[in-house]
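In case you want the letters, here they are:
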Amino acid sequence: MAKFEYAPAPESRAIVTIRPSYGLFIGGEFVQSTDGSRFKTINPSSEEVLAEVTEAGEADVDAAVRAARKAFDGPWGRLLGAERGKYLFRIARILAERAREFAVLETLDNGKPIKESRDVDIPLAAAHFFYHAGWADKLEHAGLSGGSGQPPKPLGVVGQIIPWNFPLLMLSWKIAPALATGNTVVLKPAETTPLSALLFAEVCQQADLPAGVVNIITGAGETGRHLIEHPGVDKVAFTGSTQVGKAIARSIAGTRKRATLELGGKAANIVFDDAPIDEAVEGIVNGIFFNQGHVCCAGSRLLVQENVAADVIMRLKRRLQTLRVGDPLDKNTDVGAINSAAQLARIRELTQVGESEGATRWSAPCTLPERGFWFAPTIFTEVSQSHRIAQEEIFGPVLSVLTFRTPQEAVAKANNTPFGLSAGIWTEKGSRILWMADHLRAGVVWANTFNRFDPTSPFGGYKESGYGREGGRHGLQAYVMTGATR
Amino acid sequence: MSPAATRRNSSEPNAAADQRIEVRKTYKLYIGGAFPRSESGRTYEVRAAGPAGRFLANAAMGSRKDARDAVVAARGAFGKWAATTAYNRGQVLYRVAELMEGRRAQFATEVAAAEGLTPARADRVVSQAIDRWVWYAGWSDKIAQILGGLNPVAGPYFNISAPEPTGVVAALAPQHSSLLGLVSVLAPIIVSGNTAVVLTSQERPLPAVTLSEVLATSDIPAGVINLITGRTAEVAPWLATHQDVNAIDLTGAANADNLSWAELERASAENLKRVLRPAGDGPGAVEPDWSRTPDLTRIKAYLETKTVWHPKGH
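Described in the following lines is the structure provided in the data block. These numbers come from a predicted model, not from an experiment. Position labels on residues start from 1 in each chain and follow its written sequence. Chain A is the first chain written and ligand 1 is the first ligand written, with later ones labelled in order. Thresholds applied to this predicted model are a pLDDT of at least 70 for local features of residues and 80 or more for the giving and counting of side-chain atom pairs; totals over whole chains, interfaces and linings are not thresholded and use all residues.

### Brief notes about the sheet that holds strand β3 (residues 149-150) of chain B
Residues and elements named next belong to chain B.
- Note on pairing: two strands pair once DSSP finds at least 2 bridges between them. In this text, helices come from DSSP runs of H or I with a minimum length of four residues, and strands from runs of E with a minimum of two, each type numbered from the N-terminal end. Reading across the sheet, the three strands line up as β3-β4-β10 and stay open at both edges, with antiparallel pairing between neighbours. The open sheet has two edge strands with one neighbour each: β3 and β10 (303-311).
- Across two bridges, the pairing between β3 and strand β4 (residues 157-165) is antiparallel. Opposite G149, over in β4, you have S161 as the bridge partner.

Shown next as structure tokens:
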């Protein structure tokens, strides 16, 4: 055992007040559902019920879309970009002021380690609003107007559906660019993580955001379907599974609705023999065990050059034994809880398939808590390209290791999935990084780092990882009328 | 607050009983985050706008030595400010707007006195000055995205161009628009990571000094902005000839007494300063309309473009 044991270092949850039940945030205030039902959201690390929330029905969705339309046709649509931007600046500042409260709430509802919600999710969410606030009065400079010099026009009412892996951060990726460009929003958070979006509704109130500009409706797949299919929605923005993304693309086909889809991934983290191995190992760990592997761009496949494979795998296993798995509110925790029982079942199923198809499984020895949903960090070696664990998104703390000999082989294997969201390259040779980046069919390529995000940097995938980009100048395009389709 | 605005009417009943003599402010320079008097020991009288303008204050009359001290402070602050992330610089500029909003009454009073504006008009000018900080704050992390980019060179090379700040920028602030004009000249200098030495409006320096008090309590690091009050024609040549100044903005040459911007540009050629000429045609110089939303001209004036080549190959 380790020479020195860690003492518990729990973050206080006293900073957060969770109400026993929540309505829907429509037209600037919390209202009761007219045709919905109720469901409970739980803490995945303890299965404790946190609150009861509303499953919005079709009439609720309609009310939310109408409220958004009213705001778009009314005060919000008439507001100058500079004044719109000030609301976004306010939101950015309030998120920063209440950052710790959001971090604790996010960790309670999602199960992710407090150090990740505190140091990644919430600061990035605030930064996303700050960045887009500045765009609100500069859109004519963004190169979206077809040379007219006029600011591009917004689309109208945007229906947005976000996943449970980064609840507030995904909310900010959706709402900030939509508002900066002058649209109004109806957003549905994931059914297992609705609480930070409901707290965000309070932030909108504190910022005096005009009623109806942001509407938050909670619910599951059915609520989402009502939102996507509502005729009053001009644009759909979705982050989630490729399966649902395809269903959305089918659903809006033949309509004038636009869509951006940010879907699954099966990213390759490619390690060459000249890479600084210890740094690469840290990058591999960050790539797949960050946020329990619940990351669409996670480096879930390790492609390691054959002559260093044994060394890398040995060091990787040694490193995994030092990861601390457990109480997400503990500041020393590296790996938190799996977000839901359903997701845990999916991870277990795919790892069993991995074993039955012939790959070799190794899990870090660690004591998992009795209650809640947990999965030990796991790696599979002797994985072949046809294995399901090399092709399908597991969305959990599970790494599939494959080997290669030449850069060409690495590229061929890295590109050999239906996905194309991200990739990682580890080598000391700059020219090789750039050659690899040219040949990888992925929307984001990290070199000698992984899982870096910034509001200025566009994010999004090739192939079945979806279409459209979020963040940066390119992300604005998804929310404005552009020349050809005006 | 100007003296006249708060002086009690002595004909009021019982005025003597509750009469209070206000405490007046000493208006000083702002160099390296401190508020020195001019090393020359000189001051000059500042009066309200209009032919019979009342006495407002004695402002410090900055000297050659003050300007040189300011350049030293600006150079010392440059490295760290330029290396600050664009996101952080944006937040720092936005913070200035937040603090100005809290002092808007004071600014409005001073601008009204300096420029002879009605209270309503002065209030509008202050709002525009605050919003100008917000506008430029939003640019910090977008400049590179608009002005930089990948160059498709004909060969196996990664080639990218990105803007970088040029260094220490001297600026002659507008003579008429004492606050909005000043902010419009100052913010585009520092937003990209340059540091500034600014000669304020000669006859209307008081709003600038109050701005320096805002800056001192904002998150702008000491030395990033330095403000010198005094005679433009006296100090400007020392900045134009200074070999450690990288760029100079001659906007304040318009309406300045005894000052030739052509002479300043000629002096600036010695170390090839980047020169932003005053607006206008030919040898004349006019002060622009500061109420209009700016374009990128001022930001671009103080940027260098750096292009990086790197081979590609396996």
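### As for unusual backbone geometry
- The backbone phi angle of N448(A) is positive, close to 55°, even though this residue is not glycine.
- Its location among the elements puts N448(A) in the loop between β16 (444-447) and β17 (466-467).
- With C-beta atoms placed from the backbone, the exposure class of a residue follows from how many other C-beta atoms lie within 10 Å of its own: 20 or more, buried; 12 or fewer, exposed; in between, partly exposed. Look at N448(A) and you get partly exposed, because 16 C-beta atoms sit within 10 Å.
- The residue N258(B) is not glycine, and still its phi comes out positive at about 55°.
- Inspection of the secondary structure assignment puts N258(B) in the loop between β8 (247-249) and α10 (261-268).
- Look at N258(B) and you get exposed, because 8 C-beta atoms sit within 10 Å.

### Regarding the nonpolar core
- Membership of the largest hydrophobic core comes to 185 residues, with the highest contact counts inside it found for L88(A), W133(B), L186(B) and V197(B).
- In terms of residue count, the dominant contributor to this core is helix α5 (residues 119-139) of chain B (11 residues). In this usage, the nonpolar core is the set of buried Ala, Val, Leu, Ile, Met, Phe, Trp, Tyr and Cys residues whose C-beta atoms join them within 7 Å.

### Some words on helix α7 (residues 180-190) of chain B
- Across the 11 residues that make up α7(B), a large majority, 11, are buried.
- Taken together, the buried positions of α7(B) are occupied by L180(B), G181(B), L182(B), V183(B), S184(B), V185(B), L186(B), A187(B), P188(B), I189(B) and I190(B).

### Structural notes on the interface of chain A and chain B
- A residue pair is marked as a contact if its C-beta atoms, positioned from the backbone, fall within 7 Å. Listed per partner, the contact involves 23 residues of chain A and 20 residues of chain B.
- Counting only elements with at least two residues in the side of chain A that touches chain B, the list comes to α3 (81-97), α5 (114-135), α15 (430-439) and α16 (472-476) of chain A.
- Considering only residue class, the side of chain A that touches chain B consists of 10 nonpolar, seven polar and six charged. Amino acids are sorted into nonpolar (Ala, Val, Leu, Ile, Met, Phe, Trp, Tyr, Cys and Pro), charged (Asp, Glu, Lys and Arg) and polar (every other residue, Gly among them).

### Quick look at helix α4 (residues 99-110) of chain A
Residues and elements named next belong to chain A.
- Expected span of a helix: the number of residues minus one, times 1.5 Å. Helix length check: α4 (12 residues) gives 16 Å between terminal C-alpha atoms against 16 Å at 1.5 Å per residue, within 8%.
- Among the 12 residues of α4, nine are classified as buried, and the element is accordingly described as predominantly covered.
- Among the residues of α4, those classed as buried are F102, A103, V104, L105, E106, T107, L108, D109 and N110.

### Some details on the environment of I114(A)
- Within the fold, I114(A) resides in helix α5.
- Separated by 215 residues in the primary sequence, I114(A) and L329(A) place their C-alpha atoms 5.2 Å from one another.

### Overview of the sheet that holds β8(B)
Residue and element names in this part refer to chain B.
- As summarised here, the arrangement of the five strands in space is β7-β6-β5-β8-β9, forming an open sheet in which the pairing is parallel. In this open sheet, the two edge strands, each paired with only one partner strand, are β7 (225-228) and β9 (274-276). The average angle at which neighbouring strand axes cross in this sheet is 15°, direction not considered.
- Packed on one face of the sheet, helix α2 (residues 64-83) meets β5 (168-172), β6 (195-199) and β7 and runs near 155° to β6.
- Where helix α9 (residues 232-240) meets the sheet, it contacts β5, β6, β7 and β8, and its direction lies at approximately 150° from that of β6. Fitting a line to C-alpha atoms yields each axis, with helices limited to the stretch in contact; the angle taken between N-to-C directions then spans 0 to 180 degrees.

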